[in-house]
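Each chain, letter by letter, is given below.
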Amino acid sequence: MLKKWLHRVLPRKTVSKGRKREIPFAQHHIKADELSFAAEKVISRLQKEGFEAYVVGGAVRDLLLGVSPKDYDVATNATPEQVRKLFRRSRIIGRRFPIVHVMVGPETIEVTTFRGGAVSSHNELGRIMKDVSFGTLEQDAMRRDFTANALYYDPHRQVILDFHHGVEDIRNRRLVMIGNPQERYQEDPVRMLRAARLSGKLGFSVDRQTSKPIAECAQLLQREPQARLFDEVLKILFSGYAQACLRQMDILGLKNIHPLLDALMPGAGGSGHIAALALQNTDERLRADKSVSMGFVLAAVLWPHMREAWIQQQARGMRSNGAMHAAMALERQHIDKHWGVPQRYGVTMREIWSLQPQFEIMRGGRPYRLLAQPRFRAAFDFLCLRANLGEVAQETVQWWQNFQQGTDAEREELIHTAMQVKTTSTKSKRNRNKRTNKSKQEGA
């Protein structure tokens, strides 16, 4: 009795060694037909051939939370080669640990062999460099990162196998690391970013023992490859809760890790920053199952840096359009090299930027040529963000909105009106200059 009472009252200790518990359907209420057809087919085939096979990780967690999983992972005791032989449309990938991608219709199921307890090699900081040991289900559960991700669902028996109180932690909306958190972060520093992403996305609190070493270990992320960090940034941006994830990063002490993450941090606040507006829009679209453009998000996140360079070039006497291209040329090498932006996103980002000065010209044939640009819609949406921050007059946005929706006659009238306004403005400016010059001469 005393032991049970102490277990309830005292703070929870770090999860070290798990004992398997079977959670029956009456307690979790997950039906086999809630799984995707592809996941159920892969598991059925593996079990039919005599292998163990379970849905594992985030899909089980999401189903317990009443959320429809976006993808499914399967864990099995079959080796990658055995899985490959069973499924014609499959391929083995991965360097550190081989896994199999099994294609069923349009869906891809990631099949992973149970990981063993031993790790092949670490570097001097404790990071796992190679991991090719296969093991048992119990060993695999110990190798998972968080208790909420160490759940195994068997659709045939409709039971969940829980080794580390994961179901309890999910019900309490708590994120807990399996094993010694500091050692686990040294093995794979990216786990710190996952802690921020999962807690922000799911609205979980991070267990005190899990969060305590993060600020101290955060500098380990600076040694991670740029491409891997960028992939984690993408997961944060496409989580549907990017602002909440960024706030969690700030709370956990994940700072000065990567210039792109530093540029994203102002977007965690209110709506007074272009990154915040872009992230709000992205979160809303993702939660509504609408498409988003990574190039557009990056264009907004990096815009303050680019806008400053654009203004500097104009201050040197360059026209708006030429100043933008000069600024982009100066910043391109820096962004591509130090920010780790892949070329496919960088192209879209730069096209959106390059079209911004062209919105200033609303006469002649230029509006028609701009409207025909493939990136016009993205560039116009970007113009709207800038207008919300006071960088562009709302009248300019409204003119382009009317131009898009207008008939040929209405478009010609808009251009004619814009030319008249431009002529009047130019004459007024000349008259002001003449009066100023005359006053100076009289004063002399």
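Residues numbered from 1 in each chain as written. Predicted model: local features only at pLDDT ≥ 70, side-chain atom pairs only at ≥ 80, totals over all residues. Heavy atoms only, no water.

> Tell me about the packing of aromatic side chains, and name the residues and values.
Applying the stated criterion across every chain yields a total of 16 aromatic pairs. With a centroid separation of 6.1 Å and an interplanar angle of 15 degrees, the aromatic rings of F376 and F380 are classed as stacked. Within this pair, F376 and its partner F380 are both found in helix α21 (residues 376-388), separated by four residues, close to a single helical turn. Judged by relative accessible area, F376 falls into the buried class, the value being 5%. (Phe/Tyr/Trp six-rings, centres within 6.5 Å; stacked < 30°, edge-to-face > 60°. Helix = DSSP H or I, 4+ residues; strand = E, 2+ residues; numbered from the N terminus. Buried < 20%, exposed > 50% of the residue type's maximum accessible area, 1.4 Å probe, protein only.)

> Give a detailed account of the sheet that holds strand β6 (residues 107-113), specifying residues and quantitative values.
Taken in spatial order, the eight strands make up an open sheet running β1-β10-β9-β2-β3-β6-β5-β4, and their pairing is mixed. Among the strands making up the open sheet, the edge pair consists of β1 (21-23) and β4 (90-93). Pairwise comparison of adjacent strand axes, ignoring direction, gives a mean angle of 30 degrees for this sheet. Across four bridges, the pairing between β4 and strand β5 (residues 99-104) is antiparallel. Bridge pairing in β5 links S90 to V102. On the sheet, helix α3 (residues 37-48) packs against β2 (53-56), β3 (73-76), β5, β6 and β9 (151-154) and is oriented at approximately 40 degrees with respect to β6. (Pairing = 2+ DSSP bridges. Axes fitted to C-alpha atoms, helices over the stretch in contact; angles between N-to-C directions. Contact = heavy atoms within 4.5 Å.)

> How would you explain the nonpolar core if you had to name every residue and give the values?
With 98 residues, the main nonpolar core has V42, L46, V111, L254, L302, W353 and F382 as its most contacted residues. Setting aside chain neighbours within four positions, we find L254 in contact with M192, L193, A196, I214, A218, L221 and M249. One finds A379, L383, W399 and I415 within the second-largest nonpolar core, a separate group that totals 17 residues. (Core = buried A, V, L, I, M, F, W, Y, C linked by side-chain atoms within 4.5 Å.)

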